[in-house]
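# Survey of secondary and tertiary structure
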Amino acid sequence: MRLTNDFNLDVLLGFDLVLGPYLETIDENINEFESTSESEYRERIRQLGIDREDTEMENHILKLQIILFRRVMRYSFVTFLYSSLDDFVMRLCEDHAKKHCQTDFVSNQEWRRKPVMKRFKEYLDKAVSWPRSLPEELVVPMADLADIRNCIVHCSGFIDRLRSVAKRKKLIGLDWPGYEIVHGQIVLDKEFCKESMSRVRSFLNQVRPILLTQKGLSD
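The sections below set out a description of the structure shown in this document. The model shown is predicted, which means the values in this text are computed figures rather than measured ones. (Residues numbered from 1 in each chain as written. Predicted model: local features only at pLDDT ≥ 70, side-chain atom pairs only at ≥ 80, totals over all residues. Heavy atoms only, no water.)

### Side note on the overall build of the chain
Rules: For the purposes of this entry, the term helix denotes a DSSP run of H or I that reaches at least four residues, the term strand denotes a run of E that reaches at least two, and both are numbered from the N terminus. Any residue under 20% of the maximum accessible area for its type is buried, any over 50% is exposed, and the rest in between are partly exposed; the area is computed with a 1.4 Å probe on protein chains only. Note on contacts: a residue pair qualifies if any of its non-hydrogen atoms lie within 4.5 Å across the two residues. All accessible-area figures derive from a Shrake-Rupley calculation using a 1.4 Å probe, and residue coverage is judged against the displayed protein chains alone.
Helices and strands together make up the secondary structure of the chain, namely eight helices and two strands. Ordered by position in the sequence, the α and β elements of the chain form the string α-α-α-α-α-α-α-β-β-α. A burial count over the chain gives 40% of its 219 residues as buried. For the chain, contacts bridging at least 24 residues in sequence account for 67% of all contacts bridging at least 6. With the model as given, the accessible surface of the chain reaches about 12700 Å², and the carbon-plus-sulfur share is 51%.

What follows is the structure in structure tokens.
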């Protein structure tokens, strides 16, 4: 459902009033979980049948539980962020198509199922005849985010489960703040979440003027 008729305002709502507080809530939940796990969760661990005398195993499970909780919370943020990017880019194209009476370009289901960047580039090529390539500093981070999101969604963050060797090598070599591979699995911290949100915001704010200044083919 559309919130307003102003894309800039919707970006403000989406990032500053939703995604920003959502990220803060995630970090608050992580901090609360870690601070209460020592007392509250030890009993839950013992209910799994761990011998109360086996403190080494108990500590190991507690540590693992904290790591998994962080991972799940930050993975959820990245998937939500990517979904927001997908929605905003789709709306950019739909708004331009409606304005220039060429909605047939955005009604094709095959086009709508394509990855975000391929979909946007194809719209520029077909509906606007955009003669230039988008700047790499905008495109590459979005492609990186897509690869991270896809590995999380389809492989639970384990890069060795990816079929594409090229994708595995790319994810291993990615240089993002707060991003690393630990025991073959993607690990993200708060810095990565903040950086990824900043880059998505920058992308949207810079590509929107492209469609605002380009006439449609039917004009």
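### Quick notes on the layout of surface pockets
Where empty space is left becomes clear once a probe the size of a water molecule has been rolled over the atoms. The criterion, for reference: A cavity, in this analysis, means grid points on a 1 Å lattice covering only the protein atoms where a 1.4 Å probe fits yet has no way out; a pocket is instead an open set bounded by protein on both sides within 12 Å along at least five of seven lines, and a residue lines either one if it has an atom within 4 Å of a point. Grid points are joined across faces, edges and corners, and a volume is the space filled by probe spheres set on the points. Following the grouping adopted for this structure description, the nonpolar residues are Ala, Val, Leu, Ile, Met, Phe, Trp, Tyr, Cys and Pro, the charged ones are Asp, Glu, Lys and Arg, and the polar ones are all others, Gly among them.
Of the pockets and cavities examined, the largest pocket occupies roughly 430 Å³. Lining the largest pocket are 19 residues, with Pro115, Ala146, Asp147, Asn150 and Lys167 positioned closest to its centre. Where the lining of the largest pocket is concerned, the elements lending two or more residues are helix H2 (55-99), helix H5 (116-128), helix H6 (136-155) and helix H7 (165-173). Of all the elements, H6 adds the most residues to the lining of the largest pocket, at eight residues. Residue composition of the lining of the largest pocket, by class: eleven nonpolar, three polar and five charged.

### Re the pairing of strand E1 (residues 179-182)
Where we set the bar: Two strands form a pair only when DSSP identifies at least two bridges running between them.
The pairing of E1 with strand E2 (residues 185-188) spans four bridges and is classified as antiparallel. By the bridge assignment, Ile181 is partnered in E2 with Ile186. Counted along the chain from E1 to the antiparallel partner E2, the turn is two residues long, and its residue His183 has a positive phi close to 50 degrees.

### Remarks on the environment of Leu162
Its location among the elements puts Leu162 in the loop between H6 and H7. With eleven residues separating them along the chain, Leu162 and Cys151 place their C-alpha atoms 7.1 Å apart. Ignoring anything within four residues of it in the chain, the contact list for Leu162 reads Cys151, Cys155, Lys167, Arg168 and Leu171.

### Re the side chain of Ser196
By secondary structure assignment, the location of Ser196 is in helix H8 (residues 190-213). Dropping the residues within four chain positions of it, Ser196 is found in contact with Phe77, Leu81, Leu145 and Trp176.

### Some words on the pattern of salt bridges
So the rule is basically this: Salt bridges are defined as contacts in which a side-chain nitrogen from Lys or Arg sits within 4 Å of a carboxyl oxygen from Asp or Glu.
Counted by the stated rule, this structure contains eleven salt bridges. For the salt bridge of Asp27 with Lys190, the shortest nitrogen-to-oxygen distance reads 3.9 Å. You can see Asp27 sitting in helix H1 (residues 7-46) and its partner Lys190 sitting in helix H8, a full 163 residues away along the chain. In this structure Asp27 comes out as buried when scored by relative accessible area, which is 8%. A residue is classified by how much of its surface remains accessible, and Lys190, at 39% relative accessible area, is partly exposed. For the salt bridge of Asp147 with Lys170, the shortest nitrogen-to-oxygen distance reads 2.5 Å. Within this pair, whereas Asp147 is found in helix H6, its partner Lys170 is found in helix H7, the two being separated by 23 residues in sequence. Within the structure, one salt-bridge network assembled from shared partners comprises Asp144, Asp147, Lys167 and Lys170.

### Considering unusual backbone geometry
Phi is positive for Cys101, close to 55 degrees, though the residue is something other than glycine. Within the secondary structure, Cys101 sits in the loop between H2 and helix H3 (104-107). Assessed through its relative accessible area of 68%, Cys101 is described here as exposed. A positive phi angle, near 50 degrees, is found at His183, a position not held by glycine.

### Quick word on the packing of H6 against H8
Short version of the rule: Axis lines are fitted to C-alpha atoms, over the contacting stretch for helices. Their N-to-C directions set the angle, which ranges from 0 to 180 degrees. Oblique is the label for every angle not falling under 35 degrees (roughly parallel), over 145 degrees (roughly antiparallel), or within 65 to 115 degrees (roughly perpendicular). Crossing handedness is defined as follows: a turn of the near helix away from the far one that is anticlockwise and smaller than a right angle gives a left-handed crossing, while the clockwise case is right-handed.
At their nearest, the axes of H6 and H8 sit 10 Å apart, and the two run at 135 degrees to each other. Judged by the inter-axis angle, H6 sits oblique to H8. Our pair here, H6 against H8, has a crossing hand that is left-handed. In this structure, H6 contributes Leu138, Pro141, Met142, Leu145 and Ile148 to the contact, and H8 contributes Phe192, Ser196, Arg199, Val200, Ser202, Phe203, Gln206 and Val207. Looking at the contact of H6 with H8, its residues break down into nine nonpolar, three polar and one charged.

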